[in-house]
Amino acid sequence: MTNKEVAGAWLYGQLLHEDEIRRTYAAGISAEEMLLNATKTVCAEMLATVKALHLIERLVVDDSLDLSEELFTEPVSVTATEWAPQISKAYVAEPGTAMPATLTEPPGTEWSEVHDVFGPGRTHS
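Residues numbered from 1 in each chain as written. Predicted model: local features only at pLDDT ≥ 70, side-chain atom pairs only at ≥ 80, totals over all residues. Heavy atoms only, no water.

Peer 1: An account of the overall build of the protein is requested, with residue identities and associated values reported.
Peer 2: Across its full length, the protein carries five helices and two strands. Ordered by position in the sequence, the α and β elements of the protein form the string α-α-α-α-β-β-α. Scored against the burial criterion, the 125 residues of the protein give a buried share of 13%. When contacts within the protein are restricted to residue pairs at least 6 apart in sequence, those whose partners lie at least 24 apart make up 30%. (Helix = DSSP H or I, 4+ residues; strand = E, 2+ residues; numbered from the N terminus. Buried < 20%, exposed > 50% of the residue type's maximum accessible area, 1.4 Å probe, protein only. Contact = heavy atoms within 4.5 Å.)

Peer 1: Summarise the pattern of salt bridges; cite the residues concerned and give the values.
Peer 2: Under the definition given, this model contains two salt bridges. Of the charged contacts in the structure, one is a salt bridge between D62 and R58, with a shortest N-O distance of 3.2 Å. Residue classification places R58 among the exposed positions, given a relative accessible area of 54%. The salt bridge involving E113 is made with K89; its shortest N-O contact spans 3.6 Å. Here K89 lies in the loop between helix 4 (70–73) and strand 1 (91–92) and E113 lies in strand 2 (residues 112–113), a separation of 24 residues in the sequence. Among the residues examined, E113 registers a relative accessible area of 28% and is labelled partly exposed. (Salt bridge = Lys/Arg side-chain N within 4 Å of Asp/Glu carboxyl O.)

Peer 1: Give a detailed account of a nonpolar patch on the surface, specifying residues and quantitative values.
Peer 2: Together, L53, L55, I56, L59, L65, L71 and F72 make up an exposed nonpolar region whose accessible area comes to about 550 Å². When residues of the nonpolar patch are traced back to their parent elements, those giving at least two are helix 3 (31–61) and helix 4. With four residues, helix 3 is the largest single contributor of residues to the nonpolar patch. Structurally, the position occupied by I56 is in helix 3. Residue I56 is classed as partly exposed on the basis of its relative accessible area of 32%. (Patch = residues over 30% accessible without salt bridge, like charges linked within 9 Å, V, L, I, M, F, W, Y side chains within 5 Å. Areas by Shrake-Rupley, 256 points an atom, 1.4 Å probe, with all protein chains shown as cover.)

Peer 1: Lay out the confidence of the model for the protein in plain terms, naming residues and giving numbers.
Peer 2: Scored by pLDDT, the protein comes out at a mean of 79, with 79% of its residues at no less than 70. Taken element by element, the predicted model of the protein shows its lowest mean pLDDT in helix 1 (residues 3–16) (68) and its highest in strand 2 (90). (pLDDT = per-residue confidence, 0-100.)

Peer 1: How would you sum up the environment of F118? Please name residues and give values.
Peer 2: Within the secondary structure, F118 is located in helix 5 (residues 114–118). When the C-alpha atoms of F118 and V92 are compared, they prove to be 9.6 Å apart, with 26 residues separating the residues in sequence.

Peer 1: Can you explain helix 3? Please cite residues and give values.
Peer 2: For helix 3, built from 31 residues, the straight-helix expectation of 45 Å at 1.5 Å per residue is met to within 8% by its first-to-last C-alpha distance of 45 Å. Regarding helix 3, the residues found buried are M34, N37, A38 and T41. Positive backbone phi, at 60 degrees, marks D63, one or two positions downstream of helix 3. (Expected span 1.5 Å × (residues − 1).)

The following block contains the structure:
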């Protein structure tokens, strides 16, 4: 099992939802090992979130991304009672590439998914 699978078995199967199916994923793994893997996974996700925020802040400072200052200063309260993830994608292109006319218009072929360009194992200049 990967550390994410062990973490999910503990976080979702035991800690949050008492999910019997997920609990079976960690059969034979000690509670200490599940906690260790959950800790590593949650911390890695938190660091990835902070890195994404720093990337967005840098793009705003460089005038490459126009966002309202309120996004960084207004308090946020989550009122949802269920998690409804929305799958989003981020794209990159050479400087000066024309932006799509709307957010619903698919990007042209000159755009690449950011994970294809900056994903694990990629080298950057």
